[in-house]
Amino acid sequence: MRTSRTTRAGLTGTLLLMLAFSGCSRPHERAPVSGADRTEVRAQAPSLFELKFPLTDTDGRTRTLAEFRGTPFVASMVYTNCTSVCPRVTADLKTLEKALPPDVREHTRFLLFSLDPGRDTPAALTKFAEHHALDHSRWTLLASSEDDMRTLAAVLGVKFRPDEGGEIAHSAVIVVCNPDGTVRHRQVGLQDRVDDLVAAVEEAGR
Amino acid sequence: MKLGAKVRRCPLGGTAPTVVAFALCLFLACTATVGVVPAGAAGTAAPAPAAATNRVRIEGGLYRPLYRQPVKGANRDTVLRRTVPVTVAPFELDRRPVTNAQYLEFVRAHAEWRRSRVSRLYADASYLRHWRGDLELGEQAPPQSPVVHVSWHAARAYAAAHGGRLPTVAEWELVAAADETRKDATRDPAYLARLREWYSRPSARVLPSVGTGPRNAWGVEDLHALVWEWTLDFNSALVSGESRGDASLDRSLYCGAGASNAADFADYAAFMRFAYRASLEADFTTGQLGFRTARSLPVAGGKP
């Protein structure tokens, strides 16, 4: 995996081009993650708890990621003005929540990070949580500074591009983390089923 | 995180692509792997003060992205595509890429960015691999050569420590459109041919000094012929935000590139940069990827 990052970056880009020209009709395709890579990642994975920046929750309280140490958690990035992808991601996460065995669900946390710190005030986040009927005991909605949001998006692998109309085009990424903050599973793009996510959360809780 | 798509072999033998795609693929694979070589010879530049942030004021202007953006039509299902020019506000940009000597000063002052201490969250295992030690450059990393093997996180931290930030794609591309005399030379086939030639040359094993190439009309150097450079929003290449969550491709660019969606297919080098950026992750480090810093300027009646 470490023999040549340059080559790999080049080839990944090449593949993107090839895919783009050869098959344009698979909007929800999931990025392939080979078993070997996932194993390597697990062996030397850094923890998200190294991210020390302050976050603000729906009550306006300052929080840090490290507070979530000790239980598996599922993370995604959304913005509350979003009318397309975010409600679907949120719905998928709720489907996942329901699909978990009760004892696992009890010990799993769901974190939604804002891609739009400027507009996602505690009030806006609260409204979003209420609109989607998110269980306060398991779900936490968090906003950071603009700079820290960029860092988080980069770490989670979320691509995004604000447009002139106030929308933020972004990729739907769902990350399942172990209790130590390392990433166990990452899903890119919307899926029809949550089986893989359920399995990842169950593994993370063991 | 290294959990995204991983590719171990070039899929050239796969489906039958268009001639254009094939050429682009080959071109990208070659250049992304072997990199570029500068116009001048190594070590001929006069030593510059290591700590100086020598930024150039850029008046701003209109950057015309090479891709077309989806624009909502009369009803939800209608998506039009058009080139939406990006207004770039005045800003300052480093005249040259950050050098090994400058980066060494940075890691002296910020121990958490030394090779032996950097978190794997922020940089992969080849971070500063060409240096002899934590605080020693060695022969693979001449002081005045651009620093490479730095991640996006590291480049950002350096920029912040120098009162700046990374330039956005729009800012970088605006300035990179200039040749020595014109601020936008991208309509000139001769200039585009020069770019292609630069991009396809094999790379020197040890990178030459910064500032040995031509200075462009903005007063900025080394944008094309030395190394690739990080941008603040390198991770902004994706499909539209409308109804899809897929990040793996930018259909607004690639699907139509061979047909009609691309704003300007003649600017081959711009496509290569776009594809190269799309292939990056924030912890990646390679021997052909460096950076320079930028700084926002206050705008009248607005945020800085």
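Residues numbered from 1 in each chain as written. Chains lettered and ligands numbered in written order. Predicted model: local features only at pLDDT ≥ 70, side-chain atom pairs only at ≥ 80, totals over all residues. Heavy atoms only, no water.

Enquirer: I keep staring at the overall build of chain A and nothing clicks. Help me out?
Expert: Regarding its fold elements, chain A presents seven helices and nine strands. The buried share among the 206 residues of chain A stands at 56%. Excluding contacts between residues fewer than 6 apart, the proportion of contacts in chain A whose partners are at least 24 apart in sequence is 70%. Of the roughly 8300 Å² that chain A leaves accessible, carbon and sulfur atoms contribute 51%. (Helix = DSSP H or I, 4+ residues; strand = E, 2+ residues; numbered from the N terminus. Buried < 20%, exposed > 50% of the residue type's maximum accessible area, 1.4 Å probe, protein only. Contact = heavy atoms within 4.5 Å. Areas by Shrake-Rupley, 256 points an atom, 1.4 Å probe, with all protein chains shown as cover.)

Enquirer: Please explain the overall build of chain B as it appears in this structure.
Expert: Tallying secondary structure elements over chain B gives seven helices and nine strands in all. For chain B, the residues scored as buried account for 58% of the 304 residues in total. The long-range share in chain B, meaning contacts at least 24 apart out of those at least 6 apart in sequence, stands at 75%. Entry remark: accessible area of chain B is about 11900 Å², with carbon and sulfur atoms responsible for 55%.

Enquirer: Which parts of the structure should I look at to understand the side chain of A:Thr182?
Expert: Residues and elements named next belong to chain A. Inspection of the secondary structure assignment puts Thr182 in the loop between strand 8 (173-177) and strand 9 (183-188). For Thr182, a relative accessible area of 11% puts it in the buried group. A polar contact of 2.6 Å, which involves the side chain of Thr182, links it to the side chain of Asp180. In contact with Thr182, other than residues within four places in its own chain, are Ala45, Pro46, Ser47, Val176 and Cys177. (Polar contact = N/O pair within 3.5 Å; in protein donor to acceptor, adjacent residues only side chain to side chain.)

Enquirer: I tried to follow the confidence of the model for chain A on my own but got confused; where do I start?
Expert: Segments scoring low in pLDDT should not have their predicted coordinates read at a detailed level. The share of residues in chain A with pLDDT of 70 or more is 79%, and the mean pLDDT across the chain is 82. Predicted confidence for residues 1-43 of chain A stays below pLDDT 50, and this span has 107 contacts to residues more than four positions away or in other chains. (pLDDT = per-residue confidence, 0-100.)

Enquirer: Explanation requested: helix 5 (residues 122-131) of chain A in the structure shown.
Expert: Residues spaced three or four apart along an α-helix face the same direction, because each turn holds 3.6 residues. Residue and element names in this part refer to chain A. Those residues of helix 5 that fall on the buried side of the exposure criterion are Ala124, Leu125, Phe128 and Ala129. Seen along its axis, helix 5 keeps its buried residues to an arc of 135 degrees; they face one direction. Set apart from the buried face of helix 5 by more than 90 degrees, the exposed residues are Ala123, Lys127, Glu130 and His131. On its buried face, helix 5 is in contact with strand 1 (55-56), strand 3 (73-78), helix 3 (85-99), strand 4 (109-114) and strand 5 (139-142). (Arc of directions from axis to C-beta.)

Enquirer: Could you clarify how one ought to interpret the nonpolar core in this entry?
Expert: Across soluble globular proteins, nonpolar side chains have a tendency to be buried as a group. Counting 101 residues, the largest nonpolar core has A:Leu48, A:Leu96, A:Phe113, B:Tyr103, B:Tyr127, B:Trp230 and B:Phe291 as the members making the most contacts within it. Of the residues forming this core, the biggest block, six residues, is contributed by helix 6 (residues 146-156) of chain A. Of all hydrophobic cores here, the second largest spans 17 residues; its members include B:Val88, B:Leu93, B:Val175 and B:Val220. (Core = buried A, V, L, I, M, F, W, Y, C linked by side-chain atoms within 4.5 Å.)

Enquirer: Honestly, helix 3 (residues 152-161) of chain B in this entry has me stumped. Any pointers?
Expert: Counting buried residues along helix 3 of chain B, eight of its 10 residues qualify, which places the element largely inside the surrounding structure. Where helix 3 of chain B is concerned, the buried positions are B:Trp152, B:His153, B:Ala154, B:Ala155, B:Arg156, B:Ala157, B:Tyr158 and B:Ala159. Tucked inside the fold, the buried residues of helix 3 of chain B contact helix 6 of chain A together with helix 2 (100-109) of chain B. In the segment just after helix 3 of chain B, B:Gly163 is the residue with positive phi, at about 70 degrees.

Enquirer: Looking at this structure, how should I read the pattern of salt bridges?
Expert: When their charged atoms lie close together, side chains carrying opposite charge are able to pair. Residues and elements named next belong to chain B. Going through the model one piece at a time under the given rule, you end up with 24 salt bridges over all chains. Measuring nitrogen to oxygen at the nearest pair gives 3.2 Å for the salt bridge that ties Asp94 to Arg55. With Asp94 in strand 6 (residues 91-94) and Arg55 in strand 1 (residues 55-58), this pair connects stretches of sequence that are 39 residues apart. Of the residues examined, Asp94 reaches a relative accessible area of 5% and is grouped as buried. For Arg55, a relative accessible area of 16% corresponds to the buried category. Between Arg182 and Asp188 there is a salt bridge, with its nearest N and O atoms 2.9 Å apart. Classification of Arg182 by relative accessible area gives partly exposed; the value is 33%. (Salt bridge = Lys/Arg side-chain N within 4 Å of Asp/Glu carboxyl O.)

Enquirer: Can you walk me through the confidence of the model for chain B in this structure?
Expert: Residues and elements named next belong to chain B. Chain-level pLDDT for chain B is 76 on average; 66% of the residues reach the 70-or-more range. With pLDDT under 50 throughout, residues 239-262 is counted as low confidence; its partners more than four residues away or in other chains account for 84 contacts. Reported for the predicted complex are a pTM of 0.78 and an ipTM of 0.80.

Enquirer: Help me out: how do you make sense of the environment of B:Ala278 in this one?
Expert: In this fold, B:Ala278 is placed in helix 7 (residues 268-278). The spacing of B:Ala278 and B:Phe234 is 44 residues in sequence and 6.9 Å in space, taken between C-alpha atoms.

Enquirer: What is the right way to read the state of the cysteines from this model?
Expert: Chemically, a disulfide is nothing more than a covalent bond linking the sulfur atoms of two cysteines. In total, this model carries zero disulfides over all chains according to the counting rule given. Free of any disulfide, A:Cys177 has its nearest neighbouring cysteine sulfur in A:Cys86, separated by 19 Å. (Disulfide = S-S within 2.5 Å.)

Enquirer: Can you help me understand the packing of aromatic side chains in this one?
Expert: When we look at a pair of aromatic rings, we describe it by the centre distance and by the angle of the planes. All names here are of chain B. Within the structure shown, the criterion is met by 13 aromatic pairs over all chains. Each ring, one from Phe106 and one from Tyr158, has its centre 5.3 Å from the other, and the planes form 70 degrees; the classification is edge-to-face. Here Tyr158 lies in helix 3 and Phe106 lies in helix 2, a separation of 52 residues in the sequence. Grouped by ring-pair contacts, the aromatic residues Tyr103, Phe106, Trp131, Tyr158 and Phe291 constitute a single cluster. Here the guanidinium or amino end of Lys183 rests over the ring plane of Trp218, the centre of that ring lying 4.2 Å away. Over the ring of Trp172 we find Arg277; its NZ or CZ atom is 5.7 Å from the centre of that ring. (Phe/Tyr/Trp six-rings, centres within 6.5 Å; stacked < 30°, edge-to-face > 60°. Lys NZ or Arg CZ within 6 Å of the ring centre and 35° of its normal.)

Enquirer: Is there a simple way to think about the sheet that holds strand 3 of chain A in this case?
Expert: Backbone-to-backbone hydrogen bonds pair the strands of a sheet. The strands run either parallel or antiparallel. All names here are of chain A. If you walk across this open sheet you meet the five strands as 5-4-3-8-9, and the pairing is mixed. Strands at the two margins of the open sheet, each flanked by one partner only, are strand 5 and strand 9. In this sheet, adjacent strand axes meet at a mean angle of 20 degrees when their direction is disregarded. Across six bridges, strand 3 lies against strand 4 in parallel orientation. Residue pairing in the sheet places Ala75 in a bridge with Leu111 of strand 4. (Pairing = 2+ DSSP bridges. Axes fitted to C-alpha atoms, helices over the stretch in contact; angles between N-to-C directions.)

Enquirer: In this structure, what is going on with the packing of helix 5 (residues 189-200) of chain B against helix 7 of chain B? I would like to understand it.
Expert: The description of two packed helices rests on the angle between their axes and on the distance between the axes. Residue and element names in this part refer to chain B. In the contact formed by helix 5 and helix 7, the axes pass within 8 Å of each other and the chain directions differ by 45 degrees. Classed by the angle they form, the pair helix 5 and helix 7 counts as oblique. On helix 7, the residues touching Leu195, Arg196 and Tyr199 of helix 5 are Tyr268, Ala269, Met272 and Arg273. Each residue belonging to the contact of helix 5 with helix 7 can be placed in one class, and the counts come to five nonpolar, no polar and two charged. (Parallel < 35°, antiparallel > 145°, perpendicular 65-115°, else oblique. Nonpolar A, V, L, I, M, F, W, Y, C, P; charged D, E, K, R; others polar.)

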